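Geometric and topological summary
Single-letter residue listing:
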Amino acid sequence: MFRVPWQNDKGEVQVNRGFRIEMNSAIGPYKGGLRFHPTVNLGILKFLAFEQVFKNSLTTLPMGGGKGGSDFDPKGKSDNEVMRFCQSFMTELSRHIGPNTDVPAGDIGVGGREIGFLFGQYKRLRNEFTGVLTGKGLGWGGSLIRPEATDYGAVYFAAEMLETRDDSFDGKTCLVSGSGNVAQYTVEKVDHMGGKCVTLSDSSGFIYNEKGIDAEKLAFVMDLKNVRRGRISEYADKYKEAVFTPVDPKLDHNPLWDIKAECAFPSATQNEINGKDAANLVKNGVFVVSEGANMPSTPEAMDAFLDQGILYGPAKAANAGGVAVSGLEMSQNSERLAWTNEEVDQRLFGIMKSIHQTCHSVAEEYGTPGNYVNGANIGGFLKVADAMLDQGLV
Ligand code: NDP
């Protein structure tokens, strides 16, 4: 844990708190995202780092688990303020990370802009150009498909779950929360695979577009969120057929999860589906939940999904595509080569298929067929535990 002092555009001194949790390196260098959000604290980062250990193990790639970030809020800050913050954050973080030690990536509030500023400062401090971060720009060591990987992976995982019931995305209506990196490409991939996404959200509320969010509307969202950095309510100003519902803090549930659909992709943040939301989802016909966000379902929600026997893909399996392609970015950096779109996407698809297969077969082997939560936890744990035993008391 460390102090991050920086100056805002008015020349005033600001101080945030920075964190990096290095949880386990039994099967490879620590690996996991950086999150910049005012809610960040030690407890949240520890649970994320713990989950990351087993997620990374499931990918079949040699990566340990970690997580980090700051309570800094990039919302409403100028590019120069974000740059000064990132430079100060990396000045301390650089002492702890390295391409063979700990390789951070992006997460909430840390996208291409932030990774660029962080990488630039690392290079300046160390005088070396190495793959110390993933999620880099394509022109300077980034991998094709990395921005899309988490969400493409979550959709591939859902498709694999559907296939166990001889079903597909064809004609399915899908609910998506969030409107950041993960949510955006989920909408794109579901559209490609024959489904229709009807919702998106941010921390101020959600939009419902019954006709579906097609490629043109998604392009509007991407410009709104990634370039203009505006609020999702503007979607309903632009497309009159859509309805915006603001967040109501008095409600004990989220009305986004109370819409008729077959699939749900929570893609915003932790604990965004509570027990009541889960009951609403099932009541409205949702039988596929694939978690793009990390731990979006509370324990009550998880129990409800498992009790109802729906196809429930927990985050550490369903959203492992992001870190998997980060692992592929590390391989490309080590080779000093860049693979094509098709090659990375094909490898991602293969990894998601293998994660699904592991979860499915381990769940069966341990007496809980169809329980992807057990499959992911046990499957991820065994490899790490075996490696720790092999390496002795260290
Ligand atoms: P972004 O910052 O791009 O987007 C996050 C979205 O979620 C925004 O729409 C944001 O709205 C909303 N959100 C965040 N916090 C809250 C909150 N407390 N309440 C309501 N809405 C909130 O992040 P990502 O898309 O990268 O990440 C989304 C989720 O996916 C996270 O759980 C992350 O850990 C997980 N994930 C991401 C990976 C990646 O590769 N990026 C990899 C694996 C998992 P607002 O702007 O209003 O805050």
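Here the structure is a predicted model, which means the values were calculated and not measured.

All right, on to a nonpolar patch on the surface then. The grouping of Y366, F381 and L382 at the surface amounts to a nonpolar patch, some 290 Å² of accessible area in total. Judged by its relative accessible area of 44%, F381 is partly exposed.

With that settled, consider unusual backbone geometry. Positive phi, normally seen in glycine, also occurs at N127, with a value near 55 degrees. Here N127 is to be found in the loop between α3 (112-126) and α4 (146-163). In this structure N127 comes out as exposed when scored by relative accessible area, which is 70%. Despite not being glycine, R336 has its phi angle at roughly 55 degrees, a positive value. Following the sequence through the fold, R336 ends up in the loop between α11 (321-335) and α12 (341-365). A residue is classified by how much of its surface remains accessible, and R336, at 68% relative accessible area, is exposed.

Attention now goes to the domain arrangement of the chain. By domain assignment, the chain separates into domain 1 (2-55 + 65-140) and domain 2 (143-394). Here the C-alpha centre of domain 2 lies 23 Å away from the C-alpha centre of domain 1. Taken together, the 28 residues of domain 1 in the interface contact 28 residues of domain 2. For the pair domain 1 and domain 2, the summed buried surface comes to about 2,300 Å²; carbon and sulfur atoms form 59% of the total. The largest share of the area that domain 1 buries against domain 2 comes from E51, F54 and K55, three residues that together contribute 28% of it.

Inspection of the secondary structure assignment puts L389 in helix α13 (residues 372-391). Sequence separation between L389 and A26 is 363 residues, and the spatial gap between their C-alpha atoms is 9.4 Å.

This part takes up the site of the ligand. Close to the ligand lie 24 residues; D107, T150, S203, R231 and N294 are nearest. Here D107 contributes a side-chain N or O atom positioned 2.6 Å from an oxygen atom of the ligand. Taking V182, its main chain carries an N or O atom lying 2.9 Å from an oxygen atom of the ligand. When the ligand sits alone it has 890 Å² of accessible area, and the protein chains cover 83% of it. Those elements that provide at least two residues to the shell around the ligand are α4, α5 (181-192) and β8 (199-202). Here the residues of the shell around the ligand are counted per class, giving four nonpolar, 14 polar and six charged. Counting contributing residues, the shell around the ligand receives three or more from each of domain 1 (2-55 + 65-140) and domain 2 (143-394).

Quick look at the pairing of β8 now. Taking every second residue as pointing to the same face, both faces of β8 are buried, with T199 and S201 on one and L200 and D202 on the other. Here β8 runs beside strand β9 (residues 205-208); their pairing, made up of four bridges, is antiparallel. Following the sheet pairing, L200 is matched in β9 by I207. The turn linking β8 back onto β9 is made up of two residues.

In this section: the nonpolar core. Ranked by size, the top nonpolar core spans 54 residues in total, and within it F157, F169, L200, Y235, F265, L348 and I355 carry the most contacts. Here the element with the most residues in this core is α4; it accounts for nine residues. Contacts of L200, omitting those with residues within four sequence positions, involve V176, G178, S179, A183, V187, G205, F206, I207, I213, V221 and I232. Membership of the second largest hydrophobic core comes to 20 residues, among which are W6, F36, I97 and V110.

Pairing is parallel across the open sheet formed by five strands, whose spatial order is β7-β6-β11-β12-β13. The open sheet has two free edges, formed respectively by β7 (196-197) and β13 (311-313), since each of these has just one partner strand. The sheet contact formed by strand β6 (residues 173-176) and strand β11 (residues 263-265) spans three bridges and is parallel. Along β11, the bridge assignment pairs V176 with F265.

Moving on, we get to the side chain of R35. On the secondary structure map, R35 appears in strand β3 (residues 30-36). Here the side chain of R35 touches D107 through a polar contact of 2.6 Å, side chain to side chain. Contacts of R35, omitting those with residues within four sequence positions, involve V40, I44, L48, G68, G69, S70, D107, I108, V110, T269 and Q270.

Thresholds applied
- Residues numbered from 1 in each chain as written.
- Predicted model: local features only at pLDDT ≥ 70, side-chain atom pairs only at ≥ 80, totals over all residues.
- Heavy atoms only, no water.
- Patch = residues over 30% accessible without salt bridge, like charges linked within 9 Å, V, L, I, M, F, W, Y side chains within 5 Å.
- Areas by Shrake-Rupley, 256 points an atom, 1.4 Å probe, with all protein chains shown as cover.
- Salt bridge = Lys/Arg side-chain N within 4 Å of Asp/Glu carboxyl O.
- Buried < 20%, exposed > 50% of the residue type's maximum accessible area, 1.4 Å probe, protein only.
- Helix = DSSP H or I, 4+ residues; strand = E, 2+ residues; numbered from the N terminus.
- Domains from an automatic or database assignment.
- Contact = heavy atoms within 4.5 Å.
- Buried area = accessible area lost by both parts, 1.4 Å probe.
- Near = heavy atom within 4 Å.
- Polar contact = N/O pair within 3.5 Å; in protein donor to acceptor, adjacent residues only side chain to side chain.
- Nonpolar A, V, L, I, M, F, W, Y, C, P; charged D, E, K, R; others polar.
- Pairing = 2+ DSSP bridges.
- Core = buried A, V, L, I, M, F, W, Y, C linked by side-chain atoms within 4.5 Å.

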